[in-house]
Every structure is written in C-alpha cells, then in structure tokens.
Amino acid sequence: MDSLDDFAAAKLTALDRAGLRRGLVATARGALHVERNGRRLLSFSCNDYLNLTQHPAIKAAAIAAIERFGVGSGASRLVTGNHPLHGELEARLARLKDTEAACVFGSGFLANTGIIPALVGTDDLVLLDELSHACLWAGARLSRAATLTYRHNDVGHAADLLRAHRGRHPRVLVATDGVFSMDGDLAPLVELGRLAREHDAWLLSDDAHGIGVVGGGRGSTFAGAVPADVPLQMGTLSKAIGGYGGYLCAARPVVDLMINRARTLIYSTGLPPATVAAAIAALDLIGRDPAYAARPLAKAKAFTRRAQLPEAQSPIVPIVLGSAQAALAASRRLEDEGFLVVAIRPPTVPEGTARLRLAFTAAHPDDEIERLADLVRERVHA
Ligand SMILES: Cc1ncc(COP(=O)(O)O)c(C=O)c1O
C-alpha cells in the first residue's frame, strides 16, 4: 500500500471506531417507499416533501423537454447552455419570491459557493448562524472573508457582533438557513432582516427546506405575519420542488452581478433542459394548490402531537439522541418495523447531538404516522 492508501485506510479506521463511518446504500425510490438491502420500507428520510419526484405531470414535462432540447445543456450558461427554459424558470421563481429577478445555478450547494464569493472578499465579514448548512460555510470560506458565528437563532447575539464588528469591514453578509435542515426550526427572518438593514449588512437566507412547504409554498421569507426583508433569497429545486438545481432571487443588479462573477455559474455546465422543465411544472402545481403545500407541515404536527414532542415548525422533525451509536441503534429499531429513518451523525450535526431526522411528506398515510409516533414515544424517546 502506498502512502495515499495508508492515509485513507487510517482515516476510515478512526471513523469506524467512532461510529461515524458512512457508506452508500443503493436505494430504489417510489412515491413513499424505498427498497434497500432487499427490503421495502416506508421512508421518512426523503426531502421530497410534496412527492413531486414521481408526479406524472412533472415527469411528462421533463420527457417533453428532452424530446425538444436533448439531454444535456452542452456548455456553461454563458456559452451555449442557456436554453430557453432557463429564463422561464427564473421569471417564475422571481414572481414566487417577489423579487425583480432570479438566477438558476447547477445545485443549491453550487449556488451558495457562487453567491457568497461574488459579494464579499478578504476585507469583508460573513456572519453565520452557528447551525447554518455546510454550503453556506463553504461559500464563506471560498470568499476569504472573515467569518463569525452567532448563537443559533439568537438575534441579540447577532446584534452584539454587528455592533462590535460592522465598522471594521466595508461589506458584511449575514447568512442563515430559513428552515434549518437538521432541526426543522425557522430562522427569525423578520428580525434578522431589520437588524441587517440597520447595520447596512446583506441578509442571505437559504430556503432549501422552505420553498414549497412553508409560507403558503413561497418559503420562509413569507412564513411570518409580514414578509421578511431578505434581499438574497437562495434555495434549491431538489427538495419540495422534486428535481435538481439551485437559485437566487434578488434585485436585477445582484442577479446580473452573479452572471458576471459567480464562478459556479460561469465555470459549470447549465442545468439539463429536463430538470428545468420539471421545476417549472412543479412551480405550476404549487401555485395552483397552496393547500397542498401546507400538508407536509400538518402531517409533521400530527406526528409531534402524538409522539409528545415539541410542535413541528416545518416538515422536518429531529429526535436528538446524543451518541452516534444511540442514533444508529434507534434507526435500526425503526427499520425492523418497516420504517426508514436515517441516523444523522457528526459532522453533519454538532458533536453529542446525533439524531433521527424525520421528513414528512404530503402523502404519508395518517395511520402509518400514528404507528411511527407510538414507536418513537414508547421505544426511542422513552
Ligand atoms: C439548507 C440546505 N442548503 C443547501 C443544500 C444544498 O442543496 P442541493 O442539494 O441542491 O445542492 C441543502 C441540501 O442538500 C440544504 O439542506
């Protein structure tokens, strides 16, 4: 074995010992069930909140786009990869989020790692909620700006940091998940928007888990009594929207700057036509039936009531168990009962907070939610 293999093997052994080694499991998905390791399980681990990955109208839109435009984009959007569907999707996203313009990226991860370095650099500051998603951290690091974190959802702490540090940096970006991906709670966007505006800082909200399922389907900016002042509304098309791709909704000059400066947009191939067409069809469905968008949260609330857990704020419900081993054991117990609830371990979540993370979808059957809640109450959280 050479030094490269030695290095990899030693790392893996250390991960194994800590119960943190991960592996890929082939998983065939249907609307609600998955097949893995020869078993059919009801999944509570897919972010397909509106079950749109399997929707006939969306599949048909994707197939029609392939027939018309082909499979791949063939180049970066700035070269020849900007097929006509891109503009249509961006117009719809801007309408949904009430912004002047929108810009579609290859994925949510690519969006954040493109947006942040296009806006801030070495002299600047990125202020992050401590539980922000990995791709907000990655974007902040790529930007080479200084980074500071405020305690989770603690607007007072963010205000203290802005008072102490704002004057030292020409530009400050405040970044947070809109709906926290591993905790399911919502960021106080109205208050953060006011605070950022007061300090001439720019608020970026990652609404990966908000679009389609909170705020009447419009996302976390619209979840409160009044819309929050969020000039940078980023998100993904890969969860409730059912496909793939990322986006930024913002003012026209900001979007035009992305087209000129966001490296993950400029130096990466445009999204395939079928993927863009699927997102347009999904937004059509969500726009036509806002009541459907409310269903995943209603199901999550029914679960938390019956399981005697704190009330769900989004379709994501965490059950924090502590050690990686405890989370893995609980996941296996539920798998024995026919449920897929994947254990989430560090570094995805902080040390000592390994958990089960449940994601509820519009189509989960009520009787199965009740059975799962009873199991969690009696055998997991007891
Ligand atoms: C909060 C959050 N932001 C961004 C992403 C990345 O989005 P994508 O899967 O489109 O890369 C994810 C999940 O994957 C997420 O949970």
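In what follows, the structure referred to is the one given above.
Below you will find a few notes about this structure. Computed from a prediction, not measured in an experiment: that's the story for all the values here. (Residues numbered from 1 in each chain as written. Predicted model: local features only at pLDDT ≥ 70, side-chain atom pairs only at ≥ 80, totals over all residues. Heavy atoms only, no water.)

### Description of the layout of surface pockets
Each pocket or cavity is described by its volume, and for the largest pocket that value is around 1,300 Å³. If you go around the largest pocket, you meet 42 residues; those closest to its centre are Arg22, Ser45, Val342, Ala343 and Ile344. Counting only elements with at least two residues in the lining of the largest pocket, the list comes to strand E2 (33–36), helix H4 (108–119), strand E9 (232–236), helix H13 (324–336) and strand E13 (343–344). Among the elements that line the lining of the largest pocket, the one with the most residues is H13, at four residues. Looking at the second largest pocket, it is lined by 16 residues, and the ones nearest its centre are Ser132, Pro347, Thr348, Val349 and Pro350. Grouping the constituent residues of the lining of the second largest pocket by class yields eight nonpolar, four polar and four charged. (1 Å grid on protein atoms, 1.4 Å probe; cavity = no way out; pocket = protein on both sides within 12 Å on 5 of 7 lines; lining within 4 Å. Points joined across faces, edges and corners; volume = space filled by probe spheres on them. Helix = DSSP H or I, 4+ residues; strand = E, 2+ residues; numbered from the N terminus. Nonpolar A, V, L, I, M, F, W, Y, C, P; charged D, E, K, R; others polar.)

### Re the side chain of lysine 239
By secondary structure assignment, the location of lysine 239 is in the loop between E9 and strand E10 (246–250). This buried residue, lysine 239, is left without a salt bridge; aspartate 206 holds the nearest opposite charge, at 8.1 Å. Not counting chain neighbours up to four residues away, the residues in contact with lysine 239 comprise Asn47, Asp48, Tyr49, Ala208 and His209. (Buried < 20%, exposed > 50% of the residue type's maximum accessible area, 1.4 Å probe, protein only. Lys, Arg positive; Asp, Glu negative; His and termini not counted. Salt bridge = Lys/Arg side-chain N within 4 Å of Asp/Glu carboxyl O. Contact = heavy atoms within 4.5 Å.)

### A look at empty space enclosed by the protein
Counted by the stated rule, this structure contains two cavities of 30 Å³ or more. Of the volumes computed, that of the largest cavity is approximately 60 Å³. Across the lining of the largest cavity, the residue classes break down as four nonpolar, six polar and one charged. Its boundaries defined by the atoms lining it, the second largest cavity holds a volume of some 40 Å³. Surrounding the second largest cavity, Arg29, Ala31, Leu32, Ser43, Cys46, Asp48, Asn51, Thr361 and His364 form its lining. Within the lining of the second largest cavity, the residues separate by chemical class into three nonpolar, four polar and two charged.

### Looking at the site of the ligand
The full set close to the ligand counts 13 residues, and Gly108, Asp206, His209, Thr236 and Lys239 are the nearest of them. A distance of 3.4 Å separates an oxygen atom of the ligand from a polar atom in the side chain of serine 238. Within the side chain of lysine 239, a nitrogen or oxygen atom sits 2.9 Å from an oxygen atom of the ligand. Calculation on the ligand without its partners gives an accessible area of 380 Å², and the protein chains cover 86% of this total. Judged by its atoms lying within 2 Å of the grid points, the ligand is housed in the largest pocket. Broken down by class, the residue content of the shell around the ligand amounts to three nonpolar, seven polar and three charged. (Near = heavy atom within 4 Å. Polar contact = N/O pair within 3.5 Å; in protein donor to acceptor, adjacent residues only side chain to side chain. Areas by Shrake-Rupley, 256 points an atom, 1.4 Å probe, with all protein chains shown as cover. Sits in = over half its atoms within 2 Å of the grid points.)

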